[in-house]
Amino acid sequence: MRVQFTEIELEQQRRVKSAFDPEWLLNTAKVFPLQANTPSAGPDDLPRAA
Amino acid sequence: MIALPLPKADVLIRRDAVHAGLRVLLPEGCVITDPTRLKPYETDGLSAYRQMPLAVVLPETTEQVAAVLRFCHENGVRVVPRGAGTSLSGGALPLADAVVIGMMRMNQVIEVNYRDRYAVVRAGVTNLGITGAVEAEGFFYAPDPSSQLACMIGGNIGMNSGGAHCLKYGVTANNVLGVRLVTIEGEILELGGTHLDTAGYDWLGIVIGSEGQLGIATEITVRILRAPEGTRAMLAAFEGNEVAGACVAAIIGSGIIPVALEFMDRPAIHACEAFAHAGYPLDAEAMLIIEVEGSVAEQDWLLGQIKEICAGFNPISLKVSQSAEESAAIWKGRKGAFGAIGRISPDYLCMDGVIPTSTLPMVLRRIGEMSVQYGLQVANIFHAGDGNLHPLIMFDANDPASMHKAEAFGAEILCLCVEVGGCLTGEHGVGVENAI
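Position labels on residues start from 1 in each chain and follow its written sequence. Chain labels run from A onward and ligand labels from 1 onward, assigned in the order the entries are written. Whole-chain, interface and lining totals are the exception, using all residues; otherwise, since this is a predicted model, local features are given only for residues with pLDDT of at least 70 and side-chain atom pairs are given and counted only at 80 or more. The side-chain values count all of the structure's non-hydrogen atoms but skip hydrogen atoms and water molecules.

## Topic: the overall build of chain A
In step 1: A run of DSSP states H or I qualifies as a helix once it reaches four residues; a run of E qualifies as a strand once it reaches two. Both are numbered from the N-terminal end. When you go through chain A residue by residue, the secondary structure sums to one helix and zero strands.
In step 2: Only protein chains enter the accessibility calculation, which uses a 1.4 Å probe; a residue whose area is less than 20% of its type maximum is buried, one above 50% is exposed, and one in between is partly exposed. Across the 50 residues of chain A, 46% fall into the buried class.
In step 3: Throughout, a contact is declared for two residues whenever any of their heavy atoms are within 4.5 Å. The long-range fraction of contacts in chain A, counting pairs at least 24 apart against all pairs at least 6 apart in sequence, stands at 38%.

## Concerning the sheet that holds strand 3 (residues 78–82) of chain B
Residues and elements named next belong to chain B.
In step 1: Spatially, 1-2-4-3 is the arrangement adopted by the four strands of the open sheet, whose pairing is mixed. The open sheet has two edge strands with one neighbour each: strand 1 (31–32) and strand 3.
In step 2: Where strand 1 meets strand 2 (residues 55–57), two bridges bridge the pair, whose relative direction is antiparallel. Each residue of the ladder has a partner; that of Ile32, found in strand 2, is Val56.
In step 3: Note on method: axes are straight lines fitted to C-alpha atoms, helices fitted across the in-contact stretch only, with angles between N-to-C directions ranging 0 to 180 degrees. Its contacts with the sheet put helix 2 (residues 15–25) on strand 1, strand 2 and strand 4 (98–102), and the angle it makes with strand 2 is roughly 10°.
In step 4: Most of the contacts of helix 4 (residues 62–75) go to strand 4, to which it runs at about 170°, and overall it touches strand 2, strand 3 and strand 4. Strands qualify as paired when DSSP identifies two bridges or more between them.

## Observations regarding the domain arrangement of chain B
In step 1: Delimitation of the domains relies on an automatic or database domain assignment. Examined at the domain level, chain B breaks down into domain 1 (9–102), domain 2 (109–226), domain 3 (231–338) and domain 4 (339–419).
In step 2: Computed from C-alpha coordinates alone, the two centres of domain 1 of chain B and domain 3 of chain B are separated by 43 Å.

## Focus: the pairing of strand 20 (residues 391–395) of chain B
Residues and elements named next belong to chain B.
In step 1: Of all five residues that make up strand 20, five are buried, and the element is covered over most of its length.
In step 2: Of the two faces of strand 20, the one carrying Pro391, Ile393 and Phe395 and the one carrying Leu392 and Met394 are both buried.
In step 3: Bridge count for strand 16 (residues 347–350) against strand 20 is four bridges, and the pairing is antiparallel. The residue bridging Tyr348 from the neighbouring strand is Met394, located in strand 20.
In step 4: Here strand 18 (residues 378–383) runs beside strand 20; their pairing, made up of three bridges, is antiparallel. Bridged to Ala379 within strand 20 is Leu392.

## Re the state of the cysteines
In step 1: Count a disulfide wherever a pair of cysteine sulfur atoms falls within 2.5 Å. By the definition in use, this model includes zero disulfides over all chains.
In step 2: Of all cysteine sulfurs, the one in Cys72(B) lies closest to Cys30(B), which takes part in no disulfide; the gap is 15 Å.

Given below as structure tokens:
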């Protein structure tokens, strides 16, 4: 995934994941590199879905 | 080597409480916690990697899936969705602290609507089971992964699965109209509908191919298509991989879209012929299976065009199937290819890269060079028409050095795919295999 996508692109995809699954419980440990396999935590992190 | 996160210690020590909590939510026999009965769930189609889960649940309804997800969410427990466990990228590989949600008991076809050409099925219906439910009326479900006898539509949604005939009909995303999705909070969402494209954002586009990371699909509305009047396959044999690759590029470049255009190299031809007895050309270095469909006149015209193009690449032989039985044997060899390789090598890694078809000759040459460099045999079997490569790297998992080399070889192939303008997964998904 790091060859295919830049860090920014990976981060955008992690935000989509976080919008659906804020605690990263669903099939975590897949798709993203291990180091990136945690909830997105930027200053403008998406609010949790209601 | 793939890396998995450390299990959550606070979940592992609550193992018994989690088991008890799940038993309250589901009927008798739907919660598996006994290690002997958990064993079959420790791996999937990427069987070099194994991990016993915390528990396996087998829900029978959407409401039960929602109840389990709500419980896991409230208790901070990880979840791994699973269909038939045929994932070639480790998509259903469990985690030690995770509950595996197996969808196989939700295997009912709910509705078939021929007038509007859709079917509503539960996630545990097999891919081929959908066609089975509608073929008597002359319809079929188009995407056809080689594992279609076993793999389930829910898993196809997760991986946006493809198959040999997707060259003409598109992949899962092009054939799904609606999805009932359960979120991790246990909310039940209806995405899409019963027709192509709905108002508003394309939620299906986000969910299909999301590898079970955004929610669990429990009911799926698929397009069903009228089966073609007839199909005919032909075999074209060539003296080398590169020239066969160039022929593929020429067929696609001419604007012809066969329903399938498959490539096999020498090791693959020999392995498949040994069990399928399909009349594959054993003297060839590379072979193409080209299938066309339609009325007899349409088939004749298309095959004539394709033969003319093939003739420009100095073929060893061109053979058009003369009967339905002959065509079936040709496909039996191709669809059983992975199993056939299993007969000649203890283990193999199946890569799943995509490249622009025009770069096929160069990429095949580079893979050949890498095979020599790593000292590992490779069989090339793939959906050539859409540039979806499946190099099968043969190795011995009992020899750590051999496994390490196979992984490095595979990674180098995928880097090459990205380098030439392609991508690292065509239809199997990223899973754990390609995450790095």
